[in-house]
Amino acid sequence: MEEFNFPSVTLITVNFNGKRFLNNLFKSIEGLNYPKNKISTIMVDNGSTDGSQEFVGMSFPWVKTIRLEKNLGYAGGNNAGICAAESKYAALINNDCTVEKDWLLCLVKRAEELSQKKIKTGAISSKVLFYYSYMPVVIIVENGTVEISGINIEGYGKKNLECNNLPNPGDKNPSYNNMTSKADVLKSIKYLSGCSCAGTGSAGSGPLWQLSGYALTGFPVTDDVNDMAISMDIRHTSGSSVVNFYIKKLKENINSGKTPDLYNCD
């Protein structure tokens, strides 16, 4: 690592019943390209009831947990963490994020550069990307409107397992895998344009989306190794019942020159 006077930094994350995210977050913090003795990590827990505090205490004992008796929200939780910090800088990060190894180093270097130039700076932010890669799916309704509901994603990867239970206390090397749940994956679907929420479908089918003309959606690709299947219920509501599904496999098409798949259905 190049010569640099590393100032102390306190990483602060606010958590409320987010145990399923914490393994990924703290694992990524462990891999930061920054001296360990210059980093402190605080988790402010807003009164979680999902075992978050116990999980962190067992798996990441180097994380200091501030236990709040009630949920003070995002701002209140961060304020509590900042008040407890004893470092030059405080770095705020959401509990459902992960960081690149040079994330903190780049932020601190920029802050130090601005300080040396005597430019008053209150905060510095990094680029924030979606957690998943996305496969864009264009749904073209040739005439009329359709409604889609019951969207489901199956086989989204062995590494994406929901972990609801703490490991055996005697296990010296507990494995949590990626603690992404199926519910989190479904919530991560993006309805980018041409989609309007039309209410709630039948019991258990989730929200009802109305599409007409051209609609762009994005489905999370959670595992680059294992196949996944996307299914949905489509109901014709007016006009022609012909619907085109345009699956844009962008990377493959750029490299191979193949025409994107086009699916027609009634």
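Residues numbered from 1 in each chain as written. Predicted model: local features only at pLDDT ≥ 70, side-chain atom pairs only at ≥ 80, totals over all residues. Heavy atoms only, no water.

K.L.:
Residues and numbers for the overall build of the protein chain, please.
P.N.:
Secondary structure summary: the protein chain contains 6 helices and 10 strands in total. Counting all 266 residues of the protein chain, 38% fall into the buried class. Considering only intrachain contacts with a sequence separation of at least 6, the fraction spanning at least 24 residues in the protein chain is 71%. Approximately 15,600 Å² of the protein chain is accessible, and the part contributed by carbon and sulfur atoms is 50%. (Helix = DSSP H or I, 4+ residues; strand = E, 2+ residues; numbered from the N terminus. Buried < 20%, exposed > 50% of the residue type's maximum accessible area, 1.4 Å probe, protein only. Contact = heavy atoms within 4.5 Å. Areas by Shrake-Rupley, 256 points an atom, 1.4 Å probe, with all protein chains shown as cover.)

K.L.:
For the packing of aromatic side chains, give the residues involved together with the corresponding values.
P.N.:
For the structure on display, the rule yields 8 aromatic pairs. For the ring pair Phe26 and Phe60, a centre distance of 5.3 Å and an interplane angle of 55° mean the geometry is tilted. Of the two residues, Phe26 sits in helix α1 (residues 19-30) while Phe60 sits in the loop between α2 (52-59) and β3 (63-67), which places them 34 residues apart along the sequence. Each of the two residues, Phe26 as well as Phe60, counts as buried. (Phe/Tyr/Trp six-rings, centres within 6.5 Å; stacked < 30°, edge-to-face > 60°.)

K.L.:
Provide a residue-level description of the sheet that holds strand β4 (residues 89-92), including the pertinent values.
P.N.:
In a beta sheet, neighbouring strands are held together by backbone hydrogen bonds and run either parallel or antiparallel to one another. One open sheet holds the 4 strands; their spatial order is β3-β2-β1-β4, and the pairing between them is parallel. Only two strands of the sheet have a single partner each, and these edge strands are β3 and β4. Direction aside, neighbouring strands of the sheet carry axes that sit 25° apart on average. Inspection of the sheet shows strand β2 (residues 39-45) paired to β3 by 5 bridges, in the parallel sense. Its bridge partner lying in β3, Thr41 is registered against Val63. α1 contacts β1 (9-15), β2 and β3 of the sheet and is inclined by roughly 170° relative to β1. The sheet contacts of α2 involve β1, β2 and β3, and relative to β2 the element is tilted by about 160°. (Pairing = 2+ DSSP bridges. Axes fitted to C-alpha atoms, helices over the stretch in contact; angles between N-to-C directions.)

K.L.:
Can you lay out helix α3 (residues 73-84) for me, pointing to particular residues and giving the numbers?
P.N.:
One turn of an α-helix holds 3.6 residues; hence residues three or four places apart share an orientation. The end-to-end C-alpha distance of α3 is 17 Å, a good match for the 16 Å that 12 residues give at a rise of 1.5 Å each. Buried residues belonging to α3 abut β1, β2, β3 and β4. (Expected span 1.5 Å × (residues − 1).)

K.L.:
Now, about unusual backbone geometry: what can you tell me, with residues and values included?
P.N.:
The backbone phi angle of Asn17 is positive, close to 50°, even though this residue is not glycine. Structurally, Asn17 is set in the loop between β1 and α1. Even without glycine at this site, Lys118 takes up a positive phi of about 60°. On the secondary structure map, Lys118 appears in the loop between α4 (103-116) and β5 (133-154).

K.L.:
Outline the layout of surface pockets, listing residues and values.
P.N.:
Here the largest pocket defines a volume of roughly 1,500 Å³. Lining the largest pocket are 42 residues, with Ile93, Cys97, Trp103, Ser126 and Val128 positioned closest to its centre. Elements that contribute at least two residues to the lining of the largest pocket include exactly α1, β4, α4 and α5 (182-187). When residues of the lining of the largest pocket are assigned to their parent elements, the largest contribution, 7 residues, is made by α4. Tallied by class, residues from the lining of the largest pocket come to 25 nonpolar, 10 polar and 7 charged. (1 Å grid on protein atoms, 1.4 Å probe; cavity = no way out; pocket = protein on both sides within 12 Å on 5 of 7 lines; lining within 4 Å. Points joined across faces, edges and corners; volume = space filled by probe spheres on them. Nonpolar A, V, L, I, M, F, W, Y, C, P; charged D, E, K, R; others polar.)

K.L.:
Hey, could you go over the confidence of the model for the protein chain for me, with residue numbers and the actual values?
P.N.:
Of all residues in the protein chain, 78% have pLDDT values of 70 or greater, and the mean over the chain is 81. Counting interchain partners and residues more than four positions distant, the pLDDT-below-50 stretch residues 158-179 has 40 contacts. Segment residues 250-256 is flagged for pLDDT under 50; beyond a separation of four residues in sequence, or across chains, it makes 5 contacts in the model. (pLDDT = per-residue confidence, 0-100.)

K.L.:
Describe in detail the pattern of salt bridges, supporting the description with residues and values.
P.N.:
The tally for this structure, following the rule as stated, stands at 4 salt bridges. A salt bridge links Lys88 to Glu112; the shortest N-O distance between them is 2.8 Å. Of this pair, Lys88 sits in the loop between α3 and β4 while Glu112 sits in helix α4, and the two are 24 residues apart along the sequence. The salt bridge involving Glu147 is made with Arg235; its shortest N-O contact spans 2.6 Å. Of this pair, Glu147 sits in strand β5 while Arg235 is found in strand β8 (residues 229-238), placing the two residues 88 residues apart along the sequence. Owing to a relative accessible area of 10%, Glu147 belongs among the buried residues under this scheme. (Salt bridge = Lys/Arg side-chain N within 4 Å of Asp/Glu carboxyl O.)

K.L.:
Requested: an account of the packing of α1 against α2, with residues and values cited.
P.N.:
The geometry of α1 relative to α2 is characterised by a closest axis approach of 9 Å and an angle of 25° between their N-to-C directions. Considered as vectors, α1 and α2 are oriented roughly parallel to each other. As for the relative orientation of α1 and α2, their crossing is right-handed in sense. Contacts from Lys19, Leu22, Asn23 and Phe26 in α1 reach Ser52, Phe55 and Val56 in α2. (Parallel < 35°, antiparallel > 145°, perpendicular 65-115°, else oblique. Left-handed = near helix turned anticlockwise from the far one by under 90°.)

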